[in-house]
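# Observations on chain architecture
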Amino acid sequence: MEESGSVDSVESLCSSTTTRSDRSSGPRVSDTELRSKGKATERIYKDPSKGELPLLPEELVQDSAKDVTYICPFLGPVRGSLTVTNYRLFFRSTDREPVFQLDLPLGVLSRVEKIGAATSRGDVSYGLVCKDMRNLRFVHKEPEDSLKKSVFEVLMKFAFPVSNNMSLFAFEYKQVFPENGWKVYDPLAEYKRQGLPNESWRISKVNDHYELCDSYPAALFVPVTITDEELRRVSSFRAKGRIPVLSWIHPESQAAVVRASQTMVGQNGRRCKEDEKLLQAIMDANAQSHKLFIFDARPSVNAAANKMKGGGFESEDAYQNAELVFLDIHNIHVMRESLRKLKEVVYPNIEDSHWLSNIESTHWLEHIKLILAGALRIADKVESGKTSVVVHCSDGWDRTPQLTSLALIMLDSHYRTIRGFQILLEKEWLSFGHRFQQRVGHGDKNHTDADRSPIFLQFIDCVWQMTRQFPAAFEFNEYFLITILDHLYSCLFGTFLCNSEQQRLKEEVPKHTVSLWSFVNSQLEEFVNPLYVHYPSHVLFPTVGIRHLQLWVTYYIRWNPRMRPQEPVHQRYKELLAKRAELQKRVEELQREAANRTATSSSERPGSPTRSITPVQTFV
Amino acid sequence: MMFSGKQTKPTFKSYLPPLQTDLKKSPQLPIKKLEAKLLPGEIIVNEANFVRKCIGSESQDDLWGKLVCTNFKVSFISHNSLPRKRFQCTHRLLGEHDIPLACVEQVVTVNDLKGKQKILGSNQKLKFNPTELILYCKDFRIIRFRFDEAGPESAKKVCLAIAHYSHPADPQLLFGFEYVGKRYHGSTGDRVNGVDPGGGMQTPLFDCSSDWDREIKRTGASEWRVCTINQGYFISPSLPEFFVVPVSLADQDLKQYACFFYSQRIPLWCWNHPSGSALVRMSNISDPQQQRKVEQRISSAITKSHPLRSDVFKSDLDKNLPNIQDIQAALLKLRQICVIDPFEESEEKWLSSLESSRWMEYVRTFLRHAVEVVYMLESRNVPVILLENEDRDLSCVISCLVQLMCDPHCRSLHGFQGLIQKEWVMAGHRFLDRCNHLKKNDKEESPLFLLFLDCVWQLWNQYPAAFEFTEVYLAVLGDSMWVPIFSTFLFNCPRQRAENSRDFASSKSIHLGQDQALRFPPVWDWSQQFSLKDQTLFNNPLYVGKIATCVQNGTVKTFTHRRSKKNYSSTLRGLPSALRNGSLGPNDTLARRNSLVLRLRSDLSQVREQQETPSERFIRDYFSHPVDLQGLLLPQLLPSHLSVWKLYFLRWVPEAQIPQGGPITAFHKLSVLTDEIEMLQSQLRQYKGAGSTPNNLHAEHSKMYFKVTSTPHQTPSPPEYLSSSFPFSPVGNLCRPGILGTPLSKFLNGAKIWLSTETLANETF
């Protein structure tokens with residue numbers, strides 16, 4: 001019991017998804033490893049309603065209540081008991097067999113509120129709005145003793161620890177995994193893989209203590225011809241000091257992908273000669289092209305409007321040989337609104353007759369299309385045009401990582417592997433300061449915060465779209481992407497906490513929390529796409545037409561019980577692999593047997609292999 | 001105005017002599033051997049030299065060559081090859097640039113200097129010299145030729161010839177007659193010039209009583225018999241000579257009832273559910289006074305043939321399904337947004353335009369109706385009569401879908417082909433009219449068969465391992481409708497085939513011998529069109545092999561509906577073991593790791609009973625269990641789970657092509673793996689001494705298109721030519737016309753979605 005229970009505790013971390021596909025078959029090597037680790041961890045059992053709730057290490061039951069009714073949009077009212085721990089909400093039905101359970105990390109909650117006043121029977125209704133595209137509703141009797149807190153008040157406290165001056169569960173959770181995911185990304189090793197530093201690009205220590213830019217990583221690659229002093233001057237000309245630095249370099253053409261924030265041109269058209277020199281140096285570092293493309297992710301109107309606030313974009317007068325392209329991607333507020341509409345369309349029920357036009361009216365796929373189209377243009381310029389590019393939006397931490405990381409996935413097959421993708425996230429998103437804390441609002445009850453936005457979800461959606469178009473080009477499967485999204489919200493792992501590398505270092509996140517990659521890399525086979533073919537230098541050019549984009553049904557509609565998990569091709573492929581292995585074994589056995597026979601009967605005809613095979617009588 | 005109104009059309013024969021080629025006018029340039037490849041019975045009608053075929057948006061890609069019109073096809077022969085030569089299936093009857101005349105939907109001639117354009121029908125005049133010819137094809141292609149350097153007269157004549165010959169006045173002018181007729185001359189053997197009328201094939205054609213006998217045995221329909229009263233088509237003109245009826249109805253009764261039904265169509269047995277419930281199709285009874293009586297007699301006979309004597313359920317298709325005009329209108333709208341509207345324009349409103357075309361909605365309606373029927377058979381265990389006015393359109397789709405869902409045999413290649421023979425060809429679907437091969441009556445045209453293929457594709461897409469064939473097969477089958485030589489798609493009913501054959505034979509002094517009809521090859525004789533190698537594209541590497549269905553010791557072992565044992569299921573994946581049999585034990589250690597939804601599903605059986613219909617409950621129950629791919633297959637009907645059949649509808653659209661991507665790249669890998677397994681199996685057989693097949697024969701026998709290379713374990717990278725359109729190619733197949741800066745679509749936006757001959761013939765620009 002102890003043993004299997006501990007496996008369960010690890011398994012229960014797997015995201016609550018319907019799309020778990022490749023799990024039922026294949027050897028699960030890591031199970032034994034996890035089991036042995038599990039033994040060491042302390043197990044706590046609580047028995048709230050006869051159903052055991054296996055807890056994670058350091059997970060403690062905070063409160064539980066019987067007689068709670070879950071108003072399921074699909075099943076109707078379900079009566080049962082509710083348990084709240086410092087990590088999860090756990091609901092278990094008492095009035096039906098088989099048992100109905102709800103088990104979700106508190107981190108997915110964005111809003112908990114009482115709906116309406118108590119009824120005459122003393123019932124109070126609570127609505128839970130989740131970040132993962134569902135809403136939950138419970139009805140609960142108000143405790144007769146007014147001093148006693150309702151379980152939902154306890155829930156509110158633990159759902160929003162940051163607002164209550166408590167720490168996130170990630171800082172408590174002490175599971176030990178065979179692999180330490182914090183070691184996945186080593187900036188210098190990654191740049192070295194790209195052949196850096198080289199004669200044109202050097203590593204600068206100017207941001208070693210995050211003095212130049214507190215939202216940038218310590219390790220920055222810049223053209224050798226630019227001094228640190230010049231970089232400091234550039235930083236005052238770029239929003240939030242986010243200067244143009246290298247993201248990726250083409251191994252052959254030396255065309256570079258450079259990221260930055262907007263220039264602080266303002267209404268008076270300020271210029272900065274160091275910035276101009278830097279961009280010229282970026283262009284010069286690539287001998288193949290005498291042009292530089294600047295991709296401004298924003299619609300040109302928005303970019304121009306930013307001049308009022310001191311921002312703006314590079315003028316082609318100031319930056320000779322540079323061509324500026326606007327990619328028309330909208331800002332975080334538009335994206336948030338689009339997802340809100342999408343949720344209305346897909347949850348709880350979908351309207352059969354107007355499904356397509358409803359999807360269209362959310363504009364979600366249109367945004368996905370624009371982002372992918374932008375990334376495609378970048379990748380095309382770098383690969384086909386052999387031209388270096390600079391990518392920025394306003395601050396360079398939302399649309400910019402979307403674009404650069406998607407372009408990098410198109411350009412570099414390494415980022416399509418499981419580990420490569422982890423490195424990409426660590427580098428383009430985490431180290432370059434995508435504001436995960438702000439955009440997701442971990443543990444923060446302020447659900448109306450205008451800084452929240454599904455930017456990262458959008459990026460993962462784009463990656464998923466690409467995996468649909470190139471089913472053999474990615475090492476990871478859909479479950480991998482869903483797991484990442486689930487733990488974006490769960491607050492179980494430290495990976496997506498804080499807003500920048502500097503903050504994570506200050507909070508000692510790697511020291512006090514577990515990395516999501518520790519968990520993932522300890523059971524890699526769960527996340528492997530069996531159809532993956534590694535072809536080293538293969539650039540993907542996805543088709544970005546809306547005809548080829550589809551709603552990610554297995555993510556957005558997964559709570560609908562009418563949803564049937566799909567991915568039969570992967571499953572079937574695994575079966576075929578097993579069959580092949582079995583046949584190979586049998587053939588080898590027979591070959592050995594045949595070889596022995598010919599050896600003993602002093603072979604007369606060693607020539608053709610077919611001749612040497614005599615019917616094996618013993619074979620049944 | 002002079003072209004409006006139907007004129008009596010001249011025959012081919014009278015039209016032929018006046019046309020002459022204009023070769024003499026352009027002898028200065030040596031054109032070497034630009035000759036059309038002709039099939040037996042094919043003759044050149046007209047041709048023009050120095051024609052440019054438009055390939056892409058840039059004119060430098062265009063090909064120069066000769067445009068030839070024969071009595072079979074529009075052929076373009078060029079010395080140049082395509083700029084980017086992509087892989088293409090080589091068609092044995094058609095060259096790379098050939099279009100069968102039957103595939104030409106509309107012939108549009110343009111003179112861009114004068115700003116004129118005209119849609120050409122049969123036997124019309126053209127008052128201007130065309131600079132451009134646009135052929136709109138039934139398979140969604142748009143082919144464009146330019147005559148800038150061609151002689152104006154010869155250009156005009158070739159356009160007129162194409163227009164005329166693509167509107168044959170009589171079924172016997174369809175090329176298949178000449179083609180097959182030719183083969184009777186000078187041939188004595190049984191196989192007429194390679195045309196194998198189904199003899200050597202495993203696909204039953206259901207044109208003889210033994211095929212029906214086998215089907216009765218296979219499905220265990222012991223209370224049903226083959227009826228032969230329609231031999232010689234003396235009873236019903238649209239029924240086959242052999243069909244199946246309840247044993248309790250004597251021939252005499254049937255003859256008596258026949259007159260009450262539309263076109264004397266005695267109700268037809270389609271299939272028996274393993275439980276003994278029959279699926280029957282029936283036309284309306286024309287005489288209202290007799291209706292009740294006759295219906296009752298038929299129903300009680302069907303009930304008598306049921307093991308439990310269950311009452312019959314009647315499913316009225318006309319009431320519940322869109323009619324043939326609705327379906328045609330939907331396809332035209334779909335075609336508009338897929339290929340005619342400029343790509344960028346249609347992108348903006350793609351989803352809502354798709355919705356308003358209603359094509360997907362109809363696909364869903366048909367699937368849902370079939371599921372309802374399956375519910376009656378499977379769950380209620382009652383016989384079902386599909387009731388349709390003429391019983392020749394909607395019933396074909398529904399009866400096939402029901403059988404595909406219930407009977408795994410129908411998901412094998414030969415089972416599927418037999419199904420189409422049974423429910424479409426023999427049951428008298430009016431292929432000639434619905435395909436509008438004679439372009440006589442647009443109102444009769446309807447893409448019912450394509451709709452059916454789309455429904456099959458949706459099932460295939462949801463359960464790819466349950467079908468022996470691929471989506472390429474389905475697409476090629478759809479395209480074969482427009483190659484007018486196959487018995488399958490040329491006629492409205494078997495009798496029409498026999499009559500036309502007789503007439504044609506007597507006019508050509510062909511001795512038919514014992515044959516009832518000319519030996520048109522069925523489309524199932526795939527070697528007519530493709531090499532054996534290319535045919536392997538039809539084989540699905542995912543297919544989960546069949547369970548033998550055979551007769552043993554007189555008792556019928558039919559397919560069973562086992563729901564367990566074989567874990568090929570797609571829903572199995574990820575389910576904790578205890579969920580697999582639908583229950584969730586509290587001690588299941590895996591229970592918590594998975595989703596809410598799984599639990600919901602297992603839990604669903606308890607709730608909602610009050611609000612859902614029994615058939616909804618049946619569907620829900622179905623999805624709460626693992627699916628047995630060799631058992632019942634129900635499609636997921638949520639609109640989010642039905643998708644556009646991209647391979648078919650978008651294959652010609654260059655902008656929608658995914659280079660080196662698409663499902664084919666997964667198919668490639670699967671194909672190689674399956675090939676490797678086949679190779680290992682043949683090696684094993686060798687070792688066992690069972691087969692003496694030498695190792696190297698494997699390559700030729702392999703069923704897979706993509707084969708394992710010499711270094712196994714190392715999957716080769718997918719070939720560069722793979723794309724989401726594979727094995728088709730957009731190159732040169734979709735040239736949206738831009739006329740004088742006016743996109744044709746704008747010009748068309750007014751009255752009709754699709755060019756209609758009547759409206760446009762009179763337009764003068």
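Note that the structure is a prediction, hence the values are computed from the model and not measured.

The secondary structure content of chain B amounts to 26 helices and 18 strands. Looking at chain B residue by residue over its 765 residues, the buried ones come to 63%. A sequence separation of at least 24 residues applies to 73% of the contacts in chain B between residues at least 6 apart. Carbon and sulfur atoms provide 49% of the accessible area of chain B, an area that totals close to 28,900 Å².

Once that is clear, we can look at empty space enclosed by the protein. Residue and element names in this part refer to chain B. Going through the model one piece at a time under the given rule, you end up with 17 cavities of 30 Å³ or more. Its volume calculated, the second largest cavity comes out at about 170 Å³. Forming the boundary of the second largest cavity are 19 residues, of which Leu-331, Glu-445, Ser-446, Pro-447 and Trp-482 lie nearest the centre. Counted by class, the lining of the second largest cavity contains 11 nonpolar, 3 polar and 5 charged residues. Counting contributing residues, the lining of the second largest cavity receives three or more from each of domain 1 (44-167) and domain 2 (209-538).

With that settled, consider the UniProt feature "domain: Myotubularin phosphatase" (unreviewed entry) in chain A. In this structure's numbering, the residues bearing the UniProt feature "domain: Myotubularin phosphatase" (unreviewed entry) are residues 181-556 of chain A. End C-alpha atoms of residues 181-556 of chain A are separated by 28 Å, and the span's content is 42% helix alongside 9% strand.

Before going further, it helps to examine the state of the cysteines. All names here are of chain B. Overall, the coordinates contain 0 disulfides over all chains when judged by the stated rule. Here Cys-103 is not disulfide-linked; the sulfur of Cys-137 is the nearest cysteine sulfur, at 4.6 Å. The cysteine Cys-208 is free of any disulfide, with Cys-227 supplying the nearest cysteine sulfur at 15 Å.

Residues and elements named next belong to chain A. One can describe the packing of helix H11 (residues 399-411) onto helix H14 (residues 455-469) by two numbers: an axis separation of 10 Å at closest approach and a directional angle of 20°. As judged from the angle between their axes, H11 and H14 are roughly parallel. Like other packed secondary-structure pairs, H11 and H14 cross with a definite hand, here right-handed. Every residue of H14 that contacts H11 at Gln-402, Ser-405, Leu-406, Ile-409 and Met-410 is listed here: Ile-455, Gln-458, Phe-459, Cys-462, Val-463 and Met-466. When the residues that make up the contact of H11 with H14 are grouped by side-chain class, the tally is 8 nonpolar, 3 polar and no charged.

Here the focus is the pattern of salt bridges. Within this structure, the stated rule accounts for 68 salt bridges over all chains. Residues Arg-193 of chain A and Asp-412 of chain A are paired through a salt bridge, measuring 2.8 Å at the closest nitrogen-oxygen approach. Placement of Arg-193 of chain A in helix H4 (residues 187-193) and of Asp-412 of chain A in the loop between H11 and helix H12 (418-431) is noted, with a sequence separation of 219 residues between them. On the basis of relative accessibility, which here comes to 36%, the residue Arg-193 of chain A falls in the partly exposed class. Looking at Asp-412 of chain A, the relative accessible area reads 11%, which means it is buried. Two residues, Arg-364 of chain B and Asp-352 of chain A, come together in a salt bridge whose shortest N-O distance is 2.8 Å. Of this pair, Arg-364 of chain B sits in helix H11 (residues 359-378) while Asp-352 of chain A sits in the loop between helix H8 (332-346) and helix H9 (355-362), which puts the two residues in different chains.

Residues and elements named next belong to chain A. Along the chain, the position of His-434 falls in the loop between H12 and helix H13 (436-441). Within the local environment of His-434, its side chain forms a polar contact with the backbone oxygen of Trp-397, the two atoms lying 2.8 Å apart. Among the polar contacts listed, one links the side chain of His-434 to the side chain of Asp-398, at a separation of 3.2 Å.

A cluster of acidic side chains, namely Glu-366 of chain A together with Glu-344, Glu-345 and Glu-348 of chain B, defines a negative patch on the protein surface. Broken down by element, the residue count for the negative patch peaks at 3 residues, all from helix H9 (residues 343-348) of chain B. Mapped onto the elements of the fold, Glu-344 of chain B is located in helix H9.

Time to look at the environment of Asn-529 of chain A. Residue and element names in this part refer to chain A. The topology assignment puts Asn-529 in the loop between helix H18 (516-521) and helix H19 (553-556). When the C-alpha atoms of Asn-529 and Asn-477 are compared, they prove to be 4.6 Å apart, with 52 residues separating the residues in sequence. Other than its neighbours up to four places away in sequence, Asn-529 contacts Pro-471, Ala-472, Phe-474, Glu-475, Phe-476, Asn-477 and His-570. For Asn-529, the side chain forms a polar contact with the main-chain oxygen of Phe-474, separated by 2.9 Å.

Further remarks concern the packing of aromatic side chains. For the structure shown, the criterion picks out 78 aromatic pairs over all chains. Where Phe-496 of chain A meets Trp-517 of chain A, the ring centres are 6.5 Å apart and the plane angle is 80°; that geometry is what we call edge-to-face. With Phe-496 of chain A in the loop between helix H15 (478-490) and helix H16 (501-506) and Trp-517 of chain A in helix H18, the pair connects residues that are 21 residues apart, well separated along the chain. According to the relative accessible area criterion, Trp-517 of chain A is buried, its value standing at 0%. Centroid distance Tyr-473 of chain B to Trp-526 of chain B: 5.6 Å. Interplanar angle 65°. Geometry classified as edge-to-face.

What follows deals with the pairing of strand E15 (residues 322-326) of chain A. Residues in a regular strand project their side chains so that they alternate between the two faces of the sheet. Where strand E14 (residues 292-296) of chain A meets E15 of chain A, 5 bridges bridge the pair, whose relative direction is parallel. Within E15 of chain A, the position partnered with Leu-292 of chain A by the bridge is Ala-322 of chain A.

What follows concerns H8 of chain A. Residues and elements named next belong to chain A. For H8, which comprises 15 residues, the first-to-last C-alpha distance of 21 Å matches the rise-based estimate of 21 Å (1.5 Å per residue) to within 8%. The complete set of buried residues in H8 reads Ile-332, Met-335, Ser-338, Leu-339, Leu-342, Lys-343, Val-345 and Val-346. Within H8, the buried residues cover an arc of 160° as seen down the axis, which keeps them to one side. A side-chain oxygen of the first residue of H8 lies 3.1 Å from the backbone nitrogen of His-333; this N-cap is Asn-331.

Below, the discussion takes up the confidence of the model for chain B. Residue and element names in this part refer to chain B. Looking at chain B, pLDDT values average 81 and 78% of them are 70 or higher. Highest mean pLDDT in chain B belongs to helix H12 (residues 394-406) (98); lowest belongs to strand E15 (residues 550-552) (33). In the predicted structure, residues 187-195 sits below a pLDDT of 50 and forms 16 contacts with residues beyond four places in sequence or in another chain. Overall, residues 546-610 carries pLDDT values under 50, and its contacts beyond four positions in sequence, including any with other chains, amount to 169 contacts. The ipTM for the predicted assembly is 0.87, set against a pTM of 0.87.

A few words on helix H5 (residues 251-258) of chain B. Residues spaced three or four apart along an α-helix face the same direction, because each turn holds 3.6 residues. Residue and element names in this part refer to chain B. For H5, every residue scored as buried is listed here: Leu-254, Tyr-257 and Ala-258. Angular distribution of buried residues about the axis of H5 spans 105°; they occupy a single face of the element. Check the buried side of H5 and you find it contacts strand E9 (224-227), strand E10 (243-246) and helix H6 (288-304).

Take the domain arrangement of chain A next. Residues and elements named next belong to chain A. Per the domain assignment, the segments of chain A are domain 1 (61-166) and domain 2 (182-200 + 251-256 + 288-298 + 322-565). Computed over C-alpha atoms, the centres of domain 1 and domain 2 are 33 Å apart. Counting each side, the surface lost to burial between domain 1 and domain 2 is near 2,000 Å², with a carbon and sulfur contribution of 63%. Of all residues in domain 1, the largest losses of buried area upon contact with domain 2 belong to Phe-74, Lys-131 and Met-133, amounting jointly to 39% of the total for that side. Our count for the domain 1 to domain 2 interface comes out at 0 salt bridges. Secondary-structure elements contributing two or more residues to the side of domain 1 that touches domain 2 are strand E7 (109-115) and strand E8 (123-130). In the side of domain 1 that touches domain 2, the residues fall into 12 nonpolar, 4 polar and 4 charged.

With that out of the way, let us pick up the nonpolar core. Generally speaking, soluble globular proteins have nonpolar side chains that are buried together. Judged by nonpolar contacts, the single largest core of 404 residues is most densely connected at Phe-421 and Tyr-556 of chain A together with Phe-452 of chain B. The greatest single-element share of this core, amounting to 13 residues, is contributed by H11 of chain B. Dropping the residues within four chain positions of it, Phe-421 of chain A is found in contact with Ile-409, His-414, Tyr-415, Phe-459, Ile-460, Val-463, Phe-476, Phe-480, Leu-481 and Ile-484 of chain A. With 7 residues, the next largest nonpolar core counts Trp-182, Cys-491, Leu-497 and Val-509 of chain A among its residues.

Now for the UniProt feature "binding site: substrate" (unreviewed entry) in chain B. Residues and elements named next belong to chain B. If you check UniProt for "binding site: substrate" (unreviewed entry), the listed places come out as Asn-323 and Ile-324 in our numbering. You can see Asn-323 is positioned in the loop between helix H7 (317-320) and helix H8 (324-340). Relative accessible area serves as the criterion here: at 37%, Asn-323 is assigned to the partly exposed category. Among the polar contacts made by the side chain of Asn-323, one reaches the main-chain amide nitrogen of Gln-325 at a distance of 3.0 Å. Classification of Ile-324 by relative accessible area gives buried; the value is 12%.

Bringing the packing of helix H13 (residues 413-426) of chain B against helix H16 (residues 471-480) of chain B into the picture now. Residue and element names in this part refer to chain B. Interhelical geometry of H13 versus H16 gives an angle of 30° and a closest axis separation of 13 Å. Our classification of the angle between H13 and H16 gives roughly parallel. Crossing handedness for the pair H13 and H16: right-handed. In contact with Leu-413, Phe-416, Gln-417 and Ile-420 of H13, H16 contributes Tyr-473, Leu-474 and Leu-477. Per-class residue counts for the contact of H13 with H16 are 6 nonpolar, 1 polar and no charged.

The rules behind these values
Residues numbered from 1 in each chain as written. Chains lettered and ligands numbered in written order. Predicted model: local features only at pLDDT ≥ 70, side-chain atom pairs only at ≥ 80, totals over all residues. Heavy atoms only, no water. Helix = DSSP H or I, 4+ residues; strand = E, 2+ residues; numbered from the N terminus. Buried < 20%, exposed > 50% of the residue type's maximum accessible area, 1.4 Å probe, protein only. Contact = heavy atoms within 4.5 Å. Areas by Shrake-Rupley, 256 points an atom, 1.4 Å probe, with all protein chains shown as cover. 1 Å grid on protein atoms, 1.4 Å probe; cavity = no way out; pocket = protein on both sides within 12 Å on 5 of 7 lines; lining within 4 Å. Points joined across faces, edges and corners; volume = space filled by probe spheres on them. Nonpolar A, V, L, I, M, F, W, Y, C, P; charged D, E, K, R; others polar. Domains from an automatic or database assignment. UniProt positions renumbered as here; feature names shortened; annotations may be inferred. Disulfide = S-S within 2.5 Å. Axes fitted to C-alpha atoms, helices over the stretch in contact; angles between N-to-C directions. Parallel < 35°, antiparallel > 145°, perpendicular 65-115°, else oblique. Left-handed = near helix turned anticlockwise from the far one by under 90°. Salt bridge = Lys/Arg side-chain N within 4 Å of Asp/Glu carboxyl O. Polar contact = N/O pair within 3.5 Å; in protein donor to acceptor, adjacent residues only side chain to side chain. Patch = residues over 30% accessible without salt bridge, like charges linked within 9 Å, V, L, I, M, F, W, Y side chains within 5 Å. Lys, Arg positive; Asp, Glu negative; His and termini not counted. Charge placed at Lys NZ, Arg CZ, Asp CG, Glu CD. Phe/Tyr/Trp six-rings, centres within 6.5 Å; stacked < 30°, edge-to-face > 60°. Pairing = 2+ DSSP bridges. Expected span 1.5 Å × (residues − 1). Arc of directions from axis to C-beta. pLDDT = per-residue confidence, 0-100. Buried area = accessible area lost by both parts, 1.4 Å probe. Core = buried A, V, L, I, M, F, W, Y, C linked by side-chain atoms within 4.5 Å.

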